[in-house]
Amino acid sequence: MTLRRLGRTDLQVPALCLGTMTWGRQNTPDDAFAQMDMALDHGLFFWDTAEMYSAPPTPATYGRTEEIIGDWFARTGRRNEVLLASKVVGDGSGMDYLRGGKARADRKNITEAVDASLRRLRTDHIDLYQLHWPDRQADRFGRTVAHPAAQPGEVPIEETLAVFADLIQAGKVRHVGVSNETPWGTMRYVAAANHLGLPRIASIQNPYSLLNRTFEMGLSEVALREDVSMLAYSPLAAGTLTGKYLDGAVPAGTRRALDHRKSRYDMARGDAATRDYLAIAQAHGLDPAAMAIAFVVSRSFVTSTIIGATTMDHLKIAIDAGSLSLSDEVLAALDAVHAANPNPCP
């Protein structure tokens, strides 16, 4: 597995990162244990989770994924073999069950959240601690904000980063990052580190796939020039690029079957683009999931691509895609589809 530097840290991470959000909902603990075993066997020692997982988020499943990972650590004693990333929510509006319905990216909330995550994970530190989404109105999860002006009560970026600095000083966290962030927000974090002597964010975890290449518009330049490692999530557009949801299909047990929220990838233009990408895969004898993941891995601004699976067969396909090299002909065909139907599911 190819290793790449995480930001400006001394950490080297594999080109693929094991995603965990299905554990405890779509996957049983035994399923998750098997996935963790397979991941390490194939050199995937970088794992990503979050306090709000399992997904979709509910009061009953909150924190469950971290508990499962912690149980695996306790059973195997292999915590020291894993680079572990987790996340704390930003503005918790709509999640009344989370810290009394008052979750924000402030000192009280972040400190409470990291201590709870450490207990669930059965570890004394988290290698990469990320803010799951901004504590302000900003474009995220396929929703755009027409007038993203400052709002009363939002926590300043500098305050959040100062809390992260104290967590690093306390040894609870090694490095910090952001997720679902914008170019403006990312540069404010970089500026705060440069001018206030606060920790530098090592990474940004944002969506990126053949159906959503919006990271290329502004953020890719930030990632490359400022050494903020891109951790790409949803390389399969939440399974959409496999073609399993075409023509309105919602197979039993899939994420769309379990999630009460409308998928950001359930779009007519998305279906049209998916058909074109499936045709390219078929014409070149490629598994469509492997092709989609390999495309993301090949981007110069992507440090690690987060893969997730609900079956061991699907996980093996995703792992193998990390070493798949796409031909210039395939890449040109993918770009042609994107040019004709750009970002159908932003």
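Keep in mind that what you see is a predicted model, and the values were worked out from it rather than measured.

## Digging into the overall build of the chain
So, step 1. A count of helices and strands for the chain gives 11 helices and 10 strands.
So, step 2. Taken over C-alpha atoms, the radius of gyration comes to 19 Å for the chain, in line with the 20 Å a tight globule of 346 residues would show.
So, step 3. Considering only C-alpha atoms, the chain reaches an extent of 55 × 50 × 40 Å along its principal axes.
So, step 4. Burial analysis of the chain (346 residues in total) assigns 55% to the buried set.
So, step 5. Sequence-distant contacts, at least 24 apart, represent 78% of the contacts inside the chain between residues at least 6 apart.
So, step 6. The distance from the centre of the 36 positive side-chain charges to the centre of the 40 negative ones in the chain is 3 Å.

## Considering the packing of helix 4 (residues 157–169) against helix 5 (residues 183–196)
So, step 1. At a closest axis distance of 10 Å, the pairing of helix 4 and helix 5 adopts a crossing angle of 60 degrees. Considering the angle they form, helix 4 stands oblique to helix 5. For the pair helix 4 and helix 5, the crossing hand works out as right-handed. Here Ile157, Glu158, Thr160 and Leu161 of helix 4 come into contact with helix 5, specifically with Trp184, Gly185, Arg188, Tyr189, Ala192, Ala193 and Leu196.
So, step 2. Class assignment for the residues of the contact of helix 4 with helix 5 results in 7 nonpolar, 2 polar and 2 charged.

## Structural notes on the nonpolar core
So, step 1. In terms of nonpolar packing, the biggest core is built from 83 residues, with Met36, Trp47, Tyr129, Tyr208, Tyr277, Met291 and Leu334 touching the most fellow members.
So, step 2. Sorting elements by how many residues they give to this core places helix 9 (residues 288–297) first, with 9 residues.
So, step 3. When sequence neighbours within four positions are dropped, the list of residues in contact with tryptophan 47 reads Cys17, Leu18, Met36, Ala39, Leu40, Trp72, Phe73, Val82, Leu83, Leu84 and Ala85.
So, step 4. In this structure, Leu6, Val13, Cys17 and Ile306 belong to the second largest nonpolar core, which totals 12 residues.

## Here we look at the pattern of salt bridges
So, step 1. Taken as a whole and assessed by the stated rule, the structure comprises 25 salt bridges.
So, step 2. As a salt-bridge pair, aspartate 91 and arginine 104 come within 3.9 Å of each other at their nearest N and O atoms. Of this pair, aspartate 91 sits in the loop between strand 5 (83–88) and helix 3 (107–121) while arginine 104 is found in the loop between strand 5 and helix 3, placing the two residues 13 residues apart along the sequence.
So, step 3. For arginine 188, the salt bridge goes to glutamate 158, with nearest N and O atoms at 2.5 Å. You can see arginine 188 sitting in helix 5 and its partner glutamate 158 sitting in helix 4, a full 30 residues away along the chain.
So, step 4. A residue is classified by how much of its surface remains accessible, and glutamate 158, at 24% relative accessible area, is partly exposed.
So, step 5. A network of salt bridges, in which partner residues are shared, links Arg79, Asp127 and Arg174.

## Overview of the sheet that holds strand 9 (residues 229–233)
So, step 1. Strand order in the closed barrel formed by 8 strands is 3-4-5-6-7-8-9-10, and the pairing between neighbours is parallel. With direction set aside, neighbouring strand axes in the sheet form an average angle of 30 degrees.
So, step 2. In this structure, strand 5 lies alongside strand 6 (residues 126–131), joined through 4 bridges in parallel fashion. Paired with alanine 85 across the strands is leucine 128, a residue of strand 6.

## What about the pairing of strand 6?
So, step 1. Extensive coverage of strand 6 is indicated by the burial of 6 of its 6 residues.
So, step 2. In this fold, the crossover linking strand 5 to strand 6 by way of helix 3 has right-handed handedness.
So, step 3. Of the strand pairs in this sheet, strand 6 and strand 7 (residues 173–179) are connected by 5 bridges, and their pairing is parallel. Paired with glutamine 130 across the strands is glycine 177, a residue of strand 7.
So, step 4. Crossover connection from strand 6 via helix 4 to parallel strand 7: handedness right-handed.

## Side note on the packing of helix 2 (residues 64–76) against helix 3
So, step 1. Relative orientation of the contacting elements helix 2 and helix 3 amounts to 45 degrees, with a least axis distance of 6 Å. Overall, the two elements helix 2 and helix 3 adopt an arrangement that is oblique. For the pair formed by helix 2 and helix 3, the contact residues are Glu66, Glu67, Ile69, Gly70 and Phe73 on the first element and Ser117, Arg120 and Leu121 on the second.
So, step 2. The residue inventory of the contact of helix 2 with helix 3, partitioned by class, reads 3 nonpolar, 2 polar and 3 charged.

Cut-off values and rules
- Numbers given for residues are sequential positions, taken from 1 along each chain in its written order.
- This being a predicted model, a pLDDT of at least 70 is required before a residue's local features are given, and a value of 80 or more before pairs of side-chain atoms are given or counted; all residues contribute to the totals for chains, interfaces and linings.
- Only hydrogens and water are removed before side-chain values are computed, so all heavy atoms of the structure are retained for them.
- Put simply, DSSP H or I for four residues or longer makes a helix, DSSP E for two residues or longer makes a strand, and each gets a number counted from the N terminus.
- Each radius of gyration reported is based on C-alpha atoms, and the globular scaling rule is 2.2 Å times the count of residues to the power 0.38.
- Under the scheme applied here, a residue whose accessible area is under 20% of the maximum for its type counts as buried, over 50% as exposed, and between as partly exposed, the area being computed with a 1.4 Å probe on protein chains only.
- A contact between two residues is defined here by any heavy atoms of the two lying within 4.5 Å.
- In summary, the charge assignment counts Lys and Arg as positive and Asp and Glu as negative, without counting His or the chain termini.
- To locate a charge, take atom NZ for lysine, CZ for arginine, CG for aspartate or CD for glutamate.
- Only the contacting stretch of a helix is used when fitting its axis, a line to C-alpha atoms as for every element, and angles between N-to-C directions run 0 to 180 degrees.
- Roughly parallel here means an angle under 35 degrees, roughly antiparallel means over 145, roughly perpendicular means 65 to 115, and every remaining angle is called oblique.
- Take the far helix as the reference: if the near one is turned anticlockwise from it by less than a right angle, the crossing is left-handed, and if turned clockwise, right-handed.
- For this classification, Asp, Glu, Lys and Arg are treated as charged, while Ala, Val, Leu, Ile, Met, Phe, Trp, Tyr, Cys and Pro are nonpolar and the rest, including Gly, are polar.
- We call a set of buried Ala, Val, Leu, Ile, Met, Phe, Trp, Tyr and Cys residues a nonpolar core when their side-chain atoms join them within 4.5 Å.
- Basic side-chain nitrogens of Lys or Arg form a salt bridge, by our definition, when they fall within 4 Å of a carboxyl oxygen of Asp or Glu.
- Any two strands with at least two DSSP-identified bridges between them are counted as paired.
- Seen with the strands pointing away from the viewer, any crossover whose path from the first strand over the helix to the second strand runs clockwise is right-handed.

Purely geometric numbers; function is a separate question.
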